[in-house]
Amino acid sequence: MRFSGECVLNAQTGPALKISFLLALVALLVFPGAAQLAADDSAPAYDVVILHGRVMDPESGLDAVRNVGISGGIIRIISEKEIRGKETIEAKGLVVAPGFIDLHQHGHEPRNYEFKARDGVTTSLELEVGTDDVAKWYAQREGKTLINYGVSAGHIPVRMRVMKDPSPWLPSGDAARRQATPAEQAAIDDGLRQGLKQGALGVGMGINYTLAAGHDEILEAFRVAAAENAPVFVHARYAGMQEPDTGITALQEVIADAAATGAPLHVVHITSIGLRITPTLLAMVKGARARGLDVTTECYPYIAASTSLESAIFDEGWQERMGITYKDLKWSETGERLTEQTFREYRKRGGNVVIFSIPEEIARAAVADPLVMIASDGSRLTGPKIHPRGQGTFARVLGHYVREEKALDLMTALRKMTLMPAQRLEIRAPQFRQKGRLRVGADADITVFDPATVTDQATFDEPLQFSSGIPFVLVNGVAVVKNSQVVAGVAPGRPARAPVH
């Protein structure tokens, strides 16, 4: 028989100890409440406890004051009873939520991760553009990151490598403007297969940046993904409303490819593809899902997009396609609005622009739509006037669209930032079954925020600002944000990765 403190009675136990034990046993039988008191007093402390917070779990619907105990990077208990920890976070008046999962982030350097963490993000993923060397990409970050990280096998970078496009990131040479030969297409497919076997979370595609890629090439890439049960994360071929190359046409292409191959499809930033006709595109996604296709989508909560000025998106006809002109473009290095002259000058030089093209009512409707996930499309830190979305997306949804606009309720917003992204990735990477939830056994990726004050401080004029109202963020049970400051010298981020073949 064992008792608290691992005291074991046996034949060698001294008489005095035997008497003490028997008296204690009688007390427990006569006063049953003493057993609970003894258990509480002797219970081991957890590594970290979060006390008295409003625990919100989108999977179960739990929305109540609870105490959370964490050990070994895992949630071990969620209880109404008081618990003890080696480290204590007092969360009275704060929301305790699953850590936010950003499916669409391009900057993956230490400074980017600091902005992500301060915005409540615990997992940051490069799934649209991806990489041409998955093993190397993960190896470069192993044991060095503040938050969890992951990548896709990227059609764009693989095509650039195969076709020897000299551009540093997005294609502007042959990979953007020339059809692949049969041998090149075979090499592109092989590159994607290799990336998936190295644990890529899916296949990333930016067809709008590789307009010369034929429909057959895109279909083959879907087939490669389907063979590995991998989602395809697609920036569709066209944006805007100009026939025949509309957002509708672009979405029809990838939905048809998904239907023909069986590959799961995720359409990135649907508002910047659809612009004013975004409601039509959302209806198409809903219709495809209603008929059994695995199709999902995302948006960011802003009225502007952003990309490289030298990319194929700004080839002849861009004004008509997007319904904007030079003054709607902002140069990220200086913040100046472009003219025809500076457009031509900067396009030759290459660099990033912010594109004011999304109507506010469209942005609001997409954020509020229960089908649409939240993802930032955060930029690499290429200049002081970059888009603010990489720094403030999640706080903006919680502060502006939930609290101020009341466009959606808090639990719906959290679901779009946590559970839905995790579910999108589970089919490929089972580890995501333990993310995006607050339940016993889940990874202790946790964001603690104040619903009354959470705010995006990053603006179009001053984009490099940390979000506020998010005082604590834990990644695998380790605090990476404490008292609204990034914790120095910690790197608990782990690879979010599919099984490696």
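Just above, that's the structure.
What counts, and where the lines are drawn
- Residues numbered from 1 in each chain as written.
- Predicted model: local features only at pLDDT ≥ 70, side-chain atom pairs only at ≥ 80, totals over all residues.
- Heavy atoms only, no water.
- Helix = DSSP H or I, 4+ residues; strand = E, 2+ residues; numbered from the N terminus.
- Expected span 1.5 Å × (residues − 1).
- Buried < 20%, exposed > 50% of the residue type's maximum accessible area, 1.4 Å probe, protein only.
- Arc of directions from axis to C-beta.
- Contact = heavy atoms within 4.5 Å.

Observations regarding helix α8 (residues 215-227)
Stage number 1. Between its terminal C-alpha atoms α8 stretches 19 Å, which fits the 18 Å expected from 13 residues at 1.5 Å a residue.
Stage number 2. Among the residues of α8, those classed as buried are E217, I218, A221, F222, V224 and A225. The buried residues of α8 occupy one face: seen down the axis, they fall within an arc of 155°. Opposite the buried face of α8, by more than 90 degrees, sit the exposed residues H215 and A227.
Stage number 3. Once α8 finishes, N229 follows within two positions and takes phi at roughly 55°, a positive value.

Side note on unusual backbone geometry
Stage number 1. Across the junction of E243 and P244, the peptide omega takes the value 0°, indicating a cis bond.
Stage number 2. Assignment of secondary structure puts P244 in the loop between β12 (232-235) and α9 (247-261).
Stage number 3. Even without a glycine there, the phi angle at K164 is positive, about 55°.
Stage number 4. Its location among the elements puts K164 in the loop between α5 (155-162) and α6 (174-177).
Stage number 5. A positive phi angle, close to 55°, is found at N229, a residue other than glycine.
Stage number 6. Following the sequence through the fold, N229 ends up in the loop between α8 and β12.

A few points about the environment of L103
Stage number 1. Within the fold, L103 resides in the loop between β8 (100-102) and α3 (110-118).
Stage number 2. The exposure class of L103 is buried, given its relative accessible area of 2%.
Stage number 3. With 278 residues separating them in the primary sequence, L103 and L381 have C-alpha atoms 18 Å apart.
Stage number 4. Every residue in contact with L103, bar those within four places of it in the chain, is listed here: L125, L127, H266, E298, M373, A375, P421 and L425.

Just distances and angles here, no functional claims.
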